[in-house]
Amino acid sequence: MTRLLSLVIAAVLVLQTAASFDIFPKLFSRPSYVLWPFMNYPMYRTAHYEGTVIARFHVLGQTAERVEVELTPEDFGLNFRKFQDIAIPAIRRRDVAQVAMFAEIYREKSGNRLVGIRVEQHGDILTRDGLRPAPPAELATVSLR
Amino acid sequence: MRLLRAWEQYWFRPAPLFNLGFVRLVAVGYQLYHLATLRPRILFGELAALPESLYQPLVVMRVLTLPFGTRYRPPEDVVVAIYWLTLSIGILAFIGWFTRFSLLLFTAGSVFLQAFEYSFTEVHHAEAIVMITLAMLALSPSGAALSFDDLRRRLRAADRGGRELFDSLSDQSRFARWPLLVVQWMFALIYLSAAFHKLLASGLDWMNGWTLQYYMLMDGMRWGNTVSGAGPAYSAEPSVALWIGQYHTLATIASWGSMLFESTFWLAVVLPPLMPVYLLVGTAFHVAIYYIQRAPFLSFVWLYAVFVPWDDVFRRLGVRIAGHLDRPVRHYDPASRRSVRKAMLIRYFDWVGLTIFSARVPPVEGPASTKLSYPH
């Protein structure tokens, strides 16, 4: 019994160690969460400095009637995190197929067809004297015509 | 050979079953609470409506649904049914009724539901250790204390003539220690992973103060005070993070503090006398990041229960209470099956040992017995 349990203990600790220190991506070219619930914990790992922009992204869609609408996570049937981590990166890398998929979800929900989607970055600059508004910037536009 | 003996001595040294049973109550109770706060039709309905291209089943999801194919996507109704079954069986695991079986099913159901939620390219961290803890408890004799199974076993033994009252805090097993130690080491590895990734990606710059200010302000703007991580975000409610995030020196000190905590937490496992300090700091750390950044790691605080010697805590509490209260005396008749069963039942739930049990029926009721209670 103790031998079997020892194997279980060793397996659990080896898996968590491998996941913790990113050995899965090196061995199998798979993300560290591939063997969830054994995973790495790299949250908030990137350093930031004075002058960095705390960004807020606005996603704007143009309908076939040339009306511009602000698109929210609910418009794509997503929560905020998926909107932030899937939809916005898809627009930013101009992945037309994926953006078209979200536009189709929007059409099903609202009845309006989108012919273009763009992402704008707004936000605030982190300074020694507090936050200063950052100038808006257009990051990417995807045409769906 | 000596290494093997040391390994066995470390993991399989006799330990109180009470501690294991108590952690079962905490872990299963936490997971039950977590499940009960979900709105299954809304959560799983939203996931079911997502396009097929977003479904990237985790390995554990593929394994659990293997009979239906490696990319099987369970329909909403099936997931909701599994949710209700898991919740129901979790109640059995909590009270300890057919504990091993119910806990195994509860663990499988919980893993299935969480893995399904995480199979849409969004994976979070707070639940992983809960799943591993449940699995470890399911493989251990966690139902041998503080469970209906254990109580039934003791009452049956009483029926067969075992009339000695027991001390539920004293029962030991050589299989009661390893599951708690495994979870303790999981915590150590998790915190080390967090420190490792910060130092690898950013070096000492991570503690420059700006980094923590950035994350506090970003989360403060996103979630506000009232949104708990998955809503529409950019709450209009002002967040405490927007106030705290202004203070650069405070952020620098907090950065160094969290790095020190994460990189040295393993010391609490190796040197148990340090544990109270780490648990206090850890609790403050997770409560603070929850209220400031809405980072929902409160499950960690619950599972710190694996570090606490609960038998010792209840014994000390009992001594303290006994010093301030007149302890009630419960008389029972060892010859009466019913009387013994009643006394055992009271003893089972009297974790602090408040009641004094006396194996006789007092002949007369006098002034000293006004606080006493009598069987029959």
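Our subject is the structure that appears above.
Residues numbered from 1 in each chain as written. Chains lettered and ligands numbered in written order. Predicted model: local features only at pLDDT ≥ 70, side-chain atom pairs only at ≥ 80, totals over all residues. Heavy atoms only, no water.

**Concerning the packing of aromatic side chains**
Residue and element names in this part refer to chain B. Per the stated rule, a full pass over the model turns up 45 aromatic pairs over all chains. Ring centres of tyrosine 30 and tryptophan 302 lie 6.5 Å apart, and the angle between their planes is 40 degrees; on these two criteria the pair is classed as tilted. Linking tyrosine 30 in helix 2 (residues 17-36) with tryptophan 302 in helix 15 (residues 298-303), this pair joins segments that are 272 residues apart in sequence. With a relative accessible area of 15%, tyrosine 30 lands in the buried category. Here phenylalanine 187 and phenylalanine 307 contribute two aromatic rings whose centre-to-centre distance is 5.7 Å and whose plane-to-plane angle is 45 degrees, an arrangement assigned as tilted. Of this pair, phenylalanine 187 sits in helix 9 (residues 178-202) while phenylalanine 307 sits in the loop between helix 15 and helix 16 (310-324), and the two are 120 residues apart along the sequence. Here phenylalanine 187 and phenylalanine 307 have matching classes, each one buried. An aromatic cluster of at least three residues, connected via ring pairs, comprises Phe187, Tyr191, Phe261, Phe265, Tyr278, Phe285, Phe297, Phe300, Tyr304 and Phe307. The ring of tyrosine 10 carries the charged tip of arginine 177 above its face, separated from the ring centre by 5.3 Å. It is lysine 198 that lies over the ring of tryptophan 206; its NZ or CZ is 5.0 Å from the centre. (Phe/Tyr/Trp six-rings, centres within 6.5 Å; stacked < 30°, edge-to-face > 60°. Helix = DSSP H or I, 4+ residues; strand = E, 2+ residues; numbered from the N terminus. Buried < 20%, exposed > 50% of the residue type's maximum accessible area, 1.4 Å probe, protein only. Lys NZ or Arg CZ within 6 Å of the ring centre and 35° of its normal.)

**Overview of the interface of chain B and chain A**
Counting residues at the interface gives 67 residues for chain B and 56 residues for chain A. Remark: the boundary between chain B and chain A carries one salt bridge. The closest approach of N and O atoms between lysine 82 of chain A and glutamate 122 of chain B, which form a salt bridge, is 2.7 Å. Our enumeration of links across chain B and chain A arrives at 18 residue pairs in polar contact (both at pLDDT 80 or more). Taken together, the elements giving at least two residues each to the side of chain B that touches chain A come down to helix 1 (2-11), helix 4 (59-64), helix 6 (99-117), helix 7 (128-138), helix 9 and helix 10 (210-223) of chain B. Top contributing element to the side of chain B that touches chain A by residue count: helix 9 of chain B, with 14 residues. Here the residues of the side of chain B that touches chain A sort into 46 nonpolar, 14 polar and seven charged. (Contact = heavy atoms within 4.5 Å. Salt bridge = Lys/Arg side-chain N within 4 Å of Asp/Glu carboxyl O. Polar contact = N/O pair within 3.5 Å; in protein donor to acceptor, adjacent residues only side chain to side chain. Nonpolar A, V, L, I, M, F, W, Y, C, P; charged D, E, K, R; others polar.)

**A closer look at the nonpolar core**
Judged by nonpolar contacts, the single largest core of 121 residues is most densely connected at Trp36 and Ile117 of chain A together with Phe187 of chain B. Residues in contact with tryptophan 36 of chain A, not counting those within four places in the same chain, are Leu58, Val60, Val111, Gln114, Ala115, Tyr118, Val123, His124, Ala128 and Met131 of chain B. (Core = buried A, V, L, I, M, F, W, Y, C linked by side-chain atoms within 4.5 Å.)

**Comments concerning the pattern of salt bridges**
Residues and elements named next belong to chain B. Scanning all chains against the criterion turns up 20 salt bridges over all chains. With a closest N to O distance of 3.6 Å, glutamate 8 and arginine 174 form a salt bridge. Taken as a pair, glutamate 8 in helix 1 and arginine 174 in the loop between strand 2 (172-173) and helix 9 lie far apart in primary sequence, 166 residues in all. With its nearest N and O atoms 3.0 Å apart, the salt bridge here joins aspartate 149 to arginine 152. Highlighted residues: aspartate 149 and arginine 152, both in helix 8 (residues 148-159), separated by three residues, approximately one helical turn.

**Regarding the packing of helix 6 of chain B against helix 7 of chain B**
Residues and elements named next belong to chain B. Viewed as axis vectors pointing N to C, helix 6 and helix 7 meet at an angle of 160 degrees, and their least axial separation amounts to 9 Å. Classed by the angle they form, the pair helix 6 and helix 7 counts as roughly antiparallel. For helix 6 against helix 7, the interelement crossing comes out left-handed. Residue-level inspection shows Arg100, Leu103, Leu104, Phe106, Thr107, Ser110, Val111 and Gln114 of helix 6 in contact with helix 7, the latter providing Met131, Leu134, Ala135, Leu137 and Ala138. Its residues placed into classes, the contact of helix 6 with helix 7 shows nine nonpolar, three polar and one charged. (Axes fitted to C-alpha atoms, helices over the stretch in contact; angles between N-to-C directions. Parallel < 35°, antiparallel > 145°, perpendicular 65-115°, else oblique. Left-handed = near helix turned anticlockwise from the far one by under 90°.)

**Comments concerning the pairing of strand 3 (residues 114-127) of chain A**
Residue and element names in this part refer to chain A. Summarising burial for strand 3: 12 of the 14 residues are buried, a large majority. Sheet topology note: the strand 1 (residues 53-63)/strand 3 ladder contains 11 bridges and is antiparallel. The residue bridging glycine 61 from the neighbouring strand is isoleucine 117, located in strand 3. Where strand 3 lies against strand 5 (residues 137-143), six bridges are found, and the strand directions are antiparallel. Along strand 5, the bridge assignment pairs valine 119 with alanine 140. With four bridges joining them, strand 3 and strand 4 (residues 130-133) adopt antiparallel strand pairing. Residue pairing for strand 4: leucine 126 is matched across the bridge by leucine 131. Counting the residues that bridge the hairpin from strand 3 to strand 4 gives two residues. (Pairing = 2+ DSSP bridges.)

**Here we look at a nonpolar patch on the surface**
All names here are of chain B. A surface patch of nonpolar side chains, about 760 Å² in accessible area, is lined by Ile91, Phe94, Ile95, Trp97, Phe98, Phe101, Leu105 and Phe148. Of all the elements, helix 5 (residues 76-95) adds the most residues to the nonpolar patch, at three residues. For isoleucine 95, the location among the structural elements is in helix 5. Classification of isoleucine 95 by relative accessible area gives partly exposed; the value is 42%. (Patch = residues over 30% accessible without salt bridge, like charges linked within 9 Å, V, L, I, M, F, W, Y side chains within 5 Å. Areas by Shrake-Rupley, 256 points an atom, 1.4 Å probe, with all protein chains shown as cover.)

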